[in-house]
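Fold and geometry: a report
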Amino acid sequence: MKSTVKSAAEMSLFFSQGKRINTRYITLLVLNHTQHDHSGRVAVIAGKKIGGAVVRNAAKRRLRAVIHDIGGPWNGVDVAFMAKPLLLNAPYDKVVDACFHALEGHEFFDSASR
């Protein structure tokens with residue numbers, strides 16, 4: 001994954017201006033860009049509510065794999081993937097399906113890539 005969002009200022013934009021999409025396993029924050037040449041970026045978030053450092057790192061690794069499997073990052077949009085506590089105990093294919101269905105109706109998401 002080449003382009004990620006890392007700065008605190010960029011992350012605060014997600015929470016103030018991003019559109020929230022909730023699933024059972026993750027919360028997605030989608031932030032559209034008006035720039036035509038903007039390549040898409042992703043952010044992976046696992047808060048302390050998930051657990052200790054080992055658990056948070058496992059959740060982030062799983063989210064990165066999901067992002068790769070569903071074809072992210074997407075041009076013209078930044079998407080933040082926030083882990084929920086059920087993420088690590090759920091079967092991987094159910095997490096991928098939940099993310100896929102959450103993004104399916106958006107114009108930036110190519111559902112044929114599955």
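All of the points below concern the structure found in this document. (Residues numbered from 1 in each chain as written. Predicted model: local features only at pLDDT ≥ 70, side-chain atom pairs only at ≥ 80, totals over all residues. Heavy atoms only, no water.)

Quick word on the sheet that holds strand β3 (residues 41-45)
- Read from one edge of the open sheet, four strands run β1-β2-β4-β3, paired in mixed fashion. Bordering the open sheet on either side are β1 (19-22) and β3, each of which pairs with just one other strand. Within the sheet, the average angular offset between the axes of one strand and its neighbour, ignoring direction, is 20°.
- Inspection of the sheet shows β1 paired to strand β2 (residues 26-32) by four bridges, in the antiparallel sense. In the strand pairing of β2, Arg20 is matched with Leu29.
- Along the sheet, helix α2 (residues 53-69) makes contact with β2, β3 and β4 (77-83), crossing β3 at roughly 150°. (Pairing = 2+ DSSP bridges. Helix = DSSP H or I, 4+ residues; strand = E, 2+ residues; numbered from the N terminus. Axes fitted to C-alpha atoms, helices over the stretch in contact; angles between N-to-C directions. Contact = heavy atoms within 4.5 Å.)

Some remarks on the side chain of Arg62
- As for its placement among the helices and strands, Arg62 is situated in helix α2.
- No salt bridge is formed by the buried Arg62; the nearest opposite charge belongs to Asp93, separated by 7.3 Å.
- The residues touching Arg62, leaving out its near neighbours within four places in the chain, are Leu87, Leu88, Ala90, Pro91, Tyr92 and Val95. (Buried < 20%, exposed > 50% of the residue type's maximum accessible area, 1.4 Å probe, protein only. Lys, Arg positive; Asp, Glu negative; His and termini not counted. Salt bridge = Lys/Arg side-chain N within 4 Å of Asp/Glu carboxyl O.)

Some thoughts on the pattern of salt bridges
- Applying the stated criterion across every chain yields a total of one salt bridge.
- Residues Asp78 and Arg41 are paired through a salt bridge, measuring 2.8 Å at the closest nitrogen-oxygen approach. Of this pair, Asp78 sits in strand β4 while Arg41 sits in strand β3; the two residues are 37 residues apart in sequence, bridging distant segments of the chain. Judged on exposure class, the residue Asp78 and its partner Arg41 are both buried.

So, the pairing of β2
- For β2, a buried count of six out of seven residues is recorded, marking the element as mostly surrounded by other parts of the structure.
- Counted between consecutive antiparallel strands, the loop separating β1 from β2 contains three residues.
- Where β2 and β4 come together, seven bridges link them in antiparallel fashion. Across the sheet, the residue bridging to Asn32 is Val77, located in β4.

Focus: the packing of α2 against helix α3 (residues 92-103)
- In contact at an axis separation of 10 Å, α2 and α3 are set at 55° when each is read in the N-to-C sense. The angle between the axes of α2 and α3 places the two elements in the oblique class. Pair α2 / α3 crosses with right-handed handedness. Counted together, Arg62, Ala65, Val66 and Asp69 of α2 and Tyr92, Val95, Val96 and Cys99 of α3 form the full contact between these two elements.
- Looking at side-chain class alone, the contact of α2 with α3 contains six nonpolar, no polar and two charged residues. (Parallel < 35°, antiparallel > 145°, perpendicular 65-115°, else oblique. Left-handed = near helix turned anticlockwise from the far one by under 90°. Nonpolar A, V, L, I, M, F, W, Y, C, P; charged D, E, K, R; others polar.)

It is worth stressing that arrangement in space is one thing and function is another; only the former is reported here.
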